[in-house]
Amino acid sequence: MPQPLNRRTALHGLAAGAAVIAFDPLARTWVTAAGHPAPATGRTTTGGPFADVPPLDGTLVTDPAALAADADDFGHSVHRTPAAILRPGSVADVVTMIRFCNDQGIQVAARGQGHATNGQAQVDGGLIVETATLNAIGPVRAQQGAGTGTVTVQAGAVWSAVVHATLAQGLTPPVFTDYLELSVGGTLSVGGLGGQTHLYGAQVDNVTQLQVVTGAGELLTCSATRRPDLFRAVLAGLGQCAVIVSATLRLVTAPVTVRHFLLPYTDLATFLDDQRLLAEDDRFAYVEGEVVPDAAGAFTGYVLEAVAYGPPAGPEPDDTALLAGLRYDTSGAVTAETLDYFDFLNRLAAGVAALEQAGLWSWAHPWLNLLLPGDSAATLARTLLDGIAGQDTGPGGVVLIYPLVSDRLRTPLLRMPADPVPYLLAVLWTMDPADQAAVQARAAANAAAYETVRVAGGTQYPVGTIAMSPADWRAQYGRSWPEFAAAKQRYDPNRLLAPGQHVFTP
Ligand SMILES: Cc1cc2nc3c(=O)[nH]c(=O)nc-3n(C[C@H](O)[C@H](O)[C@H](O)COP(=O)(O)OP(=O)(O)OC[C@H]3O[C@@H](n4cnc5c(N)ncnc54)[C@H](O)[C@@H]3O)c2cc1C
């Protein structure tokens with residue numbers, strides 16, 4: 001008789017036939033109640049070669065539809081099928097299953113929203129930990145009179161839900177990605193860059209404490225002063241050393257409305273210089289920019305996007321003072337408008353809904369995200385933009401470029417070029433997934449672009465589609481590599497975690 005492995009799972013109403021009850025270490029497969037071999041086969045779940053899965057608060061599933069969904073991501077070009085998926089009902093479930101996977105030599109990948117583009121959250125034949133069920137937020141702790149605070153959130157919460165909760169107290173996380181439906185654990189594993197980064201650093205720079213389950217299955221709390229080596233290895237650590245289960249985030253005063261500007265430029269160097277000016281003088285809370293093609297497809301138009309926060313986060317915006325000294329094309333399409341703060345943060349939502357409705361959100365996204373040294377940003381950007389001239393970035397596809405400020409980026413594993421003001425250049429391709437040859441060609445072109453930038457002292461922002469060899473990763477991490485490798489050895493000694501990143505060989 002099968003053992004009642006999912007005693008608690010059964011209470012949650014999972015159909016007994018679908019429940020995973022054991023792992024067969026010889027066949028390296030999971031065994032469901034329905035498919036459990038009879039004792040006549042010589043295998044039993046008690047004392048036999050099957051390893052019983054311990055009791056769980058959540059569920060462990062192996063149904064083909066769920067596995068197929070987790071064998072895909074926002075890139076829609078890499079597909080590695082896991083053998084099982086944990087939908088944790090508690091943090092204890094993550095501990096339990098990572099320990100179990102250690103015993104059985106099963107690889108594990110956390111999956112937030114699956115919005116990486118190159119299989120980073122996938123694991124062939126292993127266990128996916130879907131963090132979406134661990135999504136508790138709060139309470140928000142406001143520091144009376146200071147206009148600041150903190151909130152502790154579980155890793156599966158998405159940023160739109162986090163900011164909804166904090167805005168109720170007049171507070172906000174200081175930095176946002178352009179799109180809010182990404183998980184906290186997913187962006188803290190890569191860095192979390194946005195238009196506010198020049199002022200506040202990345203999202204990882206605004207975390208005061210983490211609770212994680214290490215690759216060895218230990219539930220640990222870490223911060224800058226408590227197990228600082230683990231804290232440093234997890235923030236922007238690509239899920240290599242631990243699964244983040246919760247994070248305590250720093251909060252600042254939220255504006256009610258913001259003043260939003262779009263300023264056109266016709267010259268790349270002038271555009272980048274003005275972006276740098278704004279990044280360094282802090283007059284805007286948010287600075288980004290887009291490169292747009294002309295009628296012939298040459299990427300020769302530039303739009304600086306800058307946002308000033310209104311009261312109580314900042315003074316009443318004064319357009320004349322905010323735009324002073326900027327050399328944008330005053331004869332072009334200048335936009336200045338006042339927006340509700342959350343609507344500004346959530347500005348991609350309407351476009352995403354339209355793409356979803358048109359069936360285009362599920363197209364392939366072989367994205368390229370590079371970090372350019374500021375002193376050669378204009379030359380490098382020109383070379384890269386000329387290299388894609390005449391090519392359509394696809395429906396919803398855009399080219400972004402914006403400055404960061406190194407002094408405010410303090411997380412060692414978020415690898416920046418050695419330059420006071422590096423630039424993020426992102427080419428966000430959208431391509432028909434039916435033409436995989438074109439998608440693969442784009443991935444190869446991305447690798448060549450990365451090489452051009454690496455040779456010039458740049459790095460990549462590892463959320464897109466660039467095949468990286470172990471040697472590339474060493475180059476990427478540079479002087480941080482020995483500490484990263486030591487943390488991997490200490491906290492994930494069996495090298496189970498996040499193999500889809502290909503940072504460490506299994
Ligand atoms: C439309 C869109 C817009 C974006 N805009 C921005 C932007 O403006 N700025 C920016 O910085 N990025 C941006 N990104 C990239 C995004 O931040 C990363 O891809 C991020 O990792 C996605 O989060 P996710 O929850 O989908 O993570 P997943 O894709 O699920 O996972 C990504 C990686 O993190 C690991 N991981 C996930 N959760 C955890 C956890 N709890 N603990 C440990 N490891 C974990 C996974 O194993 C995997 O290796 C954007 C992506 C999309 C699709």
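Model, not experiment: these values are computed from the prediction.

Colleague: Explain the overall build of the chain here, please?
Modeller: For the chain, the helix and strand inventory stands at 15 helices and 21 strands. Here the C-alpha radius of gyration of the chain, 24 Å, is about what a compact globule of 506 residues would show, namely 23 Å. Judged by the C-alpha coordinates and their principal axes, the chain covers about 85 × 55 × 45 Å. Restricting the contact set of the chain to residue pairs at least 6 apart, pairs at least 24 apart contribute 72%.

Colleague: Even after reading the chapter, I still don't get the UniProt feature "domain: FAD-binding PCMH-type" (unreviewed entry) in the chain, so can you show me in this structure?
Modeller: Look at the UniProt record and you will see "domain: FAD-binding PCMH-type" (unreviewed entry) annotated at residues 78-254. Helix makes up 22% of residues 78-254 and strand 30%, whereas the separation of the span's terminal C-alpha atoms amounts to 39 Å.

Colleague: Is there a simple way to explain helix α13 (residues 436-455) in this structure?
Modeller: The α-helix advances 3.6 residues per turn, and as a result positions three or four apart in sequence lie on the same side. Between its first and last C-alpha atoms α13 spans 29 Å; for 20 residues at 1.5 Å apiece the expected length is 28 Å, and the two agree. Restricting attention to buried positions, one finds in α13 the residues V439, R442, A443, N446, A449, Y450 and V453. Projected onto a plane normal to the axis of α13, the buried residues spread over an arc of 120° and lie on a single side. Among the exposed residues of α13, those pointing more than 90 degrees away from its buried face are A437 and V455. Among the structural elements, β18 (368-372), α12 (377-387), β21 (459-460) and α14 (470-477) are those in contact with the buried residues of α13. Where α13 ends, the next residue or the one after it, G457, has phi of about 95°, a positive value.

Colleague: Please explain the environment of G125 as it appears in this structure.
Modeller: Mapped onto the secondary structure, G125 falls in the loop between β6 (108-111) and β7 (127-130). Assessed through its relative accessible area of 42%, G125 is described here as partly exposed. Distance in space between the C-alpha atoms of G125 and L67 is 9.9 Å, their sequence separation being 58 residues. Aside from chain neighbours lying at most four places away, what touches G125 is T81, P82 and A83.

Colleague: It is not clear to me how the site of the ligand should be interpreted in this structure. Could you clarify?
Modeller: Contacts to the ligand come from 33 residues, most closely from A110, D178, S183, L193 and Y461. Between the ligand and H115, the relevant distance is 2.7 Å, taken from an oxygen atom to a main-chain nitrogen or oxygen of the residue. Note that an oxygen atom of the ligand is positioned 2.7 Å from one of the backbone N or O atoms of D178. Surface burial for the ligand is 96%, taken as the share of its 950 Å² of free accessible area covered by protein chains. Elements with a minimum of two residues in the shell around the ligand: β6, α5 (184-188) and β13 (242-253). Considering only residue class, the shell around the ligand consists of 16 nonpolar, 15 polar and two charged.

Colleague: Is there a simple way to explain the pairing of β7 in this structure?
Modeller: On any regular strand, side chains alternate: one points to one face of the sheet, the next to the other face. Side chains of β7 alternate between two faces, with L127 and V129 and I128 and E130 buried alike. With three bridges joining them, strand β5 (residues 84-87) and β7 adopt parallel strand pairing. Note that in β7 the partner of A84 across the bridge is L127. Looking at chain direction, β6 and β7 are connected through four bridges and run parallel. Residue pairing in the sheet places A109 in a bridge with I128 of β7.

Colleague: For this particular structure, what's the right way to read the confidence of the model for the chain?
Modeller: The predicted coordinates ought not to be read in detail in places where the model reports low pLDDT. In this model, the chain carries an average pLDDT of 93, and 94% of its residues clear a pLDDT of 70 or more. Here helix α1 (residues 7-11) stands out as the least confident element of the chain, with mean pLDDT 31; α5 is the most confident, with 99. Low confidence marks residues 1-17, where pLDDT is under 50. Its contacts with residues over four positions away, or in another chain, come to 35 contacts. Taken together, the stretch residues 37-47 has pLDDT below 50 and engages in 20 contacts with residues farther than four places along the chain or on a different chain.

Colleague: Which parts of the structure should I look at to understand the packing of aromatic side chains?
Modeller: Each aromatic ring pair is summarised here by two numbers: the centre-to-centre distance and the angle between the ring planes. Per the counting criterion, the structure on display carries 17 aromatic pairs. Plain terms: the ring middles of Y477 and W481 are 6.3 Å apart, the flat faces sit at 35° to each other, and that makes the pair tilted. The same class applies to Y477 as to W481, namely buried. Between the aromatic rings of W481 and F484, the centroid separation amounts to 6.3 Å while the plane-to-plane angle is 85°, which identifies the pairing as edge-to-face. Here W481 pairs with F484, and both are found in helix α15 (residues 481-491), just three residues apart, close to one helical turn. Just as W481 is buried, F484 falls in that class too.

Colleague: What exactly am I supposed to notice about the domain arrangement of the chain here?
Modeller: In many reports, interface size means the accessible area that the parts give up when they come together. When its domains are assigned, the chain resolves into domain 1 (7-133), domain 2 (137-254) and domain 3 (257-472). Residue-level contacts link 12 residues of domain 1 with 17 residues of domain 2. Here domain 1 and domain 2 share an interface that buries about 1100 Å² over both sides, 68% of which is from carbon and sulfur atoms. It is V91, I98 and Q113 that lose the most area in domain 1 upon contact with domain 2, and together they represent 37% of the buried surface on that side. Remark: the boundary between domain 1 and domain 2 carries zero salt bridges. Scanning the region where domain 1 abuts domain 2 turns up two residue pairs in polar contact (both at pLDDT 80 or more). Looking at which element gives the most residues to the side of domain 1 that touches domain 2, the answer is helix α3 (residues 91-104), with six residues.

Rules used throughout
- Residues numbered from 1 in each chain as written.
- Predicted model: local features only at pLDDT ≥ 70, side-chain atom pairs only at ≥ 80, totals over all residues.
- Heavy atoms only, no water.
- Helix = DSSP H or I, 4+ residues; strand = E, 2+ residues; numbered from the N terminus.
- Rg over C-alpha atoms; globule rule 2.2 N^0.38 Å.
- Contact = heavy atoms within 4.5 Å.
- UniProt positions renumbered as here; feature names shortened; annotations may be inferred.
- Expected span 1.5 Å × (residues − 1).
- Buried < 20%, exposed > 50% of the residue type's maximum accessible area, 1.4 Å probe, protein only.
- Arc of directions from axis to C-beta.
- Near = heavy atom within 4 Å.
- Polar contact = N/O pair within 3.5 Å; in protein donor to acceptor, adjacent residues only side chain to side chain.
- Areas by Shrake-Rupley, 256 points an atom, 1.4 Å probe, with all protein chains shown as cover.
- Nonpolar A, V, L, I, M, F, W, Y, C, P; charged D, E, K, R; others polar.
- Pairing = 2+ DSSP bridges.
- pLDDT = per-residue confidence, 0-100.
- Phe/Tyr/Trp six-rings, centres within 6.5 Å; stacked < 30°, edge-to-face > 60°.
- Domains from an automatic or database assignment.
- Buried area = accessible area lost by both parts, 1.4 Å probe.
- Salt bridge = Lys/Arg side-chain N within 4 Å of Asp/Glu carboxyl O.

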